[in-house]
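Spelled out, the chains give:
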Amino acid sequence: MKRVVHLLLVILSRLRKSNSIEKLLNNLLSTQNMISIIIPTYNEKSNIRKLTSKIDDIFKKKKIKGEIIFVDDNSPDGTGKIAESLSKKYPVRVIHRRKKLGLASAVIEGFSEAKGDIFGVMDADLSHPTDSIPDMLNPIIKGKADFTIGSRYVGDGDVVGWPLSRKIISKGATMLTRHLTDVKDPMSGFFFIKKKVIDNVYLSAKGYKICLEIIVKGNYKKIKEVPITFKDRHKGTSKLNKSEYINYLYNVANLSLYNYFRKKL
Ligand SMILES: Nc1nc2c(ncn2[C@@H]2O[C@H](COP(=O)(O)OP(=O)(O)OP(=O)(O)O)[C@@H](O)[C@H]2O)c(=O)[nH]1
Ligand SMILES: [Mg+2]
């Protein structure tokens, strides 16, 4: 018995010396219900101030412990510097990358730096309604879903300001995912997940539609789509180009193969 007690004391004193217990406790306290919102940016200087202040308002109003992580790809318009200056006033961190490396890889890099236990992703161009953040977080916090998606295609969800051609392309691209998921808006760029949804999940970091990849590969029991009104960007220019459409087709093909072989195994 004496020996066991002695052994325990030795282990405890070692742990204390290495600060492991404190670190463990600190980690548990600091990450409890903390929300990390990842926002990829490329040339969004006219949008990020307003976006940050709107998200911060929500954090304060709803007493959310949250952080915003901008992942900027060395935007020529100086978005990175502005984001850095916002970090003095708001709970903002900035990841600066050396060049334009793509939206999906920016989000993945944001995930790897995030401190929260719930991760959110949204665009910087004010297309996604910050007012919907609480509605998207609630089901996750209450344990009713592990994954919520801001959806243009359920209930009162809507798109404002898109020309007919863009609507048709979006609907067509969504139809191509029907064999992969029942989610009505799997191409949404606005979603929240519990951290564990992507634990040990390899995300390819290619292309534009990271939400679809997480739907196919993630660890979750329940997804909930929350209706949102998506507004086309007012300021800045779109980064969506022809090569992204081709990339998208390539990604859907890849995910289809992934799904096929997973079911076979
Ligand atoms: N870090 C990083 N962010 C990007 C990159 N491409 C796009 N983004 C950001 O990703 C988000 C979505 O890009 P958007 O250009 O708005 O794409 P979209 O919403 O499909 O198209 P529009 O709203 O019509 O412009 C925005 O916040 C962009 O600034 C990139 O290569 N790197
Ligand atoms: Mg946009």
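Residues numbered from 1 in each chain as written. Chains lettered and ligands numbered in written order. Predicted model: local features only at pLDDT ≥ 70, side-chain atom pairs only at ≥ 80, totals over all residues.

1. Looking at the overall build of the protein
Moving on, step 1. When you go through the protein residue by residue, the secondary structure sums to 9 helices and 9 strands.
Moving on, step 2. Relative to its 265 residues, the protein shows a buried fraction of 36%.
Moving on, step 3. By sequence separation, contacts in the protein at least 24 residues apart represent 79% of the contacts at least 6 residues apart. (Helix = DSSP H or I, 4+ residues; strand = E, 2+ residues; numbered from the N terminus. Buried ≥ 20, exposed ≤ 12 C-beta atoms within 10 Å, placed from the backbone. Contact = placed C-beta atoms within 7 Å.)

2. Some remarks on unusual backbone geometry
Leave glycine aside and you will find that most residues have negative phi; peptide bonds, for their part, are mostly trans.
Moving on, step 1. The phi angle at Lys63 is positive, at roughly 50°, despite the residue not being glycine.
Moving on, step 2. With respect to the helices, strands and loops of the structure, Lys63 is situated in the loop between α3 (48–61) and β2 (65–72).
Moving on, step 3. Under the C-beta neighbour-count criterion, Lys63 is labelled exposed, with 7 such atoms within 10 Å.
Moving on, step 4. Residue Leu126 is not a glycine yet carries a positive backbone phi of 70°.
Moving on, step 5. Examined against the element boundaries, Leu126 turns out to sit in the loop between β4 (118–121) and α6 (133–141).

3. Some words on the sheet that holds β2
Paired through their backbone hydrogen bonds, the strands of a sheet run either parallel or antiparallel.
Moving on, step 1. One open sheet accounts for 7 strands, arranged β3-β2-β1-β4-β7-β5-β8; its pairing is mixed. Only two strands of the sheet have a single partner each, and these edge strands are β3 (92–96) and β8 (223–227). On average, each strand axis in the sheet is tilted by 20° relative to the strand beside it, whichever way the strands run.
Moving on, step 2. In this structure, strand β1 (residues 34–41) lies alongside β2, joined through 8 bridges in parallel fashion. Counterpart to Ile35 in the pairing with β2 is Gly66. (Pairing = 2+ DSSP bridges. Axes fitted to C-alpha atoms, helices over the stretch in contact; angles between N-to-C directions.)

4. Points about the environment of Asp158
Moving on, step 1. Within the fold, Asp158 resides in strand β6 (residues 158–160).
Moving on, step 2. Look at Asp158 and you get exposed, because 12 C-beta atoms sit within 10 Å.
Moving on, step 3. For the pair Asp158 and Thr229, spaced 71 residues apart in sequence, the C-alpha to C-alpha distance is 4.6 Å.
Moving on, step 4. When neighbours within four sequence positions are excluded, Asp158 is seen to be in contact with Arg152 and Thr229.

5. Here we look at the confidence of the model for the protein
For residues with low pLDDT, the predicted coordinates do not support detailed interpretation.
Moving on, step 1. On average, residues of the protein carry a pLDDT of 89, and 85% of them reach 70 or more.
Moving on, step 2. Confidence drops under pLDDT 50 across residues 24–31; counting only partners more than four residues distant or on other chains, this segment forms 4 contacts. (pLDDT = per-residue confidence, 0-100.)

6. Topic: helix α7 (residues 164–175)
Moving on, step 1. For α7, built from 12 residues, the straight-helix expectation of 16 Å at 1.5 Å per residue is met to within 8% by its first-to-last C-alpha distance of 16 Å.
Moving on, step 2. Across the 12 residues of α7, 0 count as buried, placing the element largely on the outside. (Expected span 1.5 Å × (residues − 1).)

7. Details of the environment of Asp57
Moving on, step 1. Along the polypeptide, Asp57 turns up in helix α3.
Moving on, step 2. Owing to 12 C-beta atoms within 10 Å, Asp57 belongs among the exposed residues under this scheme.

8. Digging into helix α8 (residues 210–217)
Moving on, step 1. Among the 8 residues in α8, 7 count as buried, and that is most of the element.
Moving on, step 2. All buried positions along α8 are accounted for by Ile210, Cys211, Leu212, Glu213, Ile214, Ile215 and Val216.

9. Some details on the packing of α3 against helix α4 (residues 79–86)
For any two helices packed against each other, one specifies the crossing angle of their axes together with the interaxial distance.
Moving on, step 1. It is the contact of α3 with α4, at a shortest axis distance of 10 Å, that shows an interaxial angle of 30°. It follows that α3 is roughly parallel to α4 by the angle criterion. When you trace α3 past α4, the crossing you get is right-handed. The residues of α4 that touch α3, namely those facing Ile48, Arg49 and Thr52, are Thr79, Ile82, Ala83 and Leu86.
Moving on, step 2. Of the residues assigned to the contact of α3 with α4, the class counts are 4 nonpolar, 2 polar and 1 charged. (Parallel < 35°, antiparallel > 145°, perpendicular 65-115°, else oblique. Left-handed = near helix turned anticlockwise from the far one by under 90°. Nonpolar A, V, L, I, M, F, W, Y, C, P; charged D, E, K, R; others polar.)

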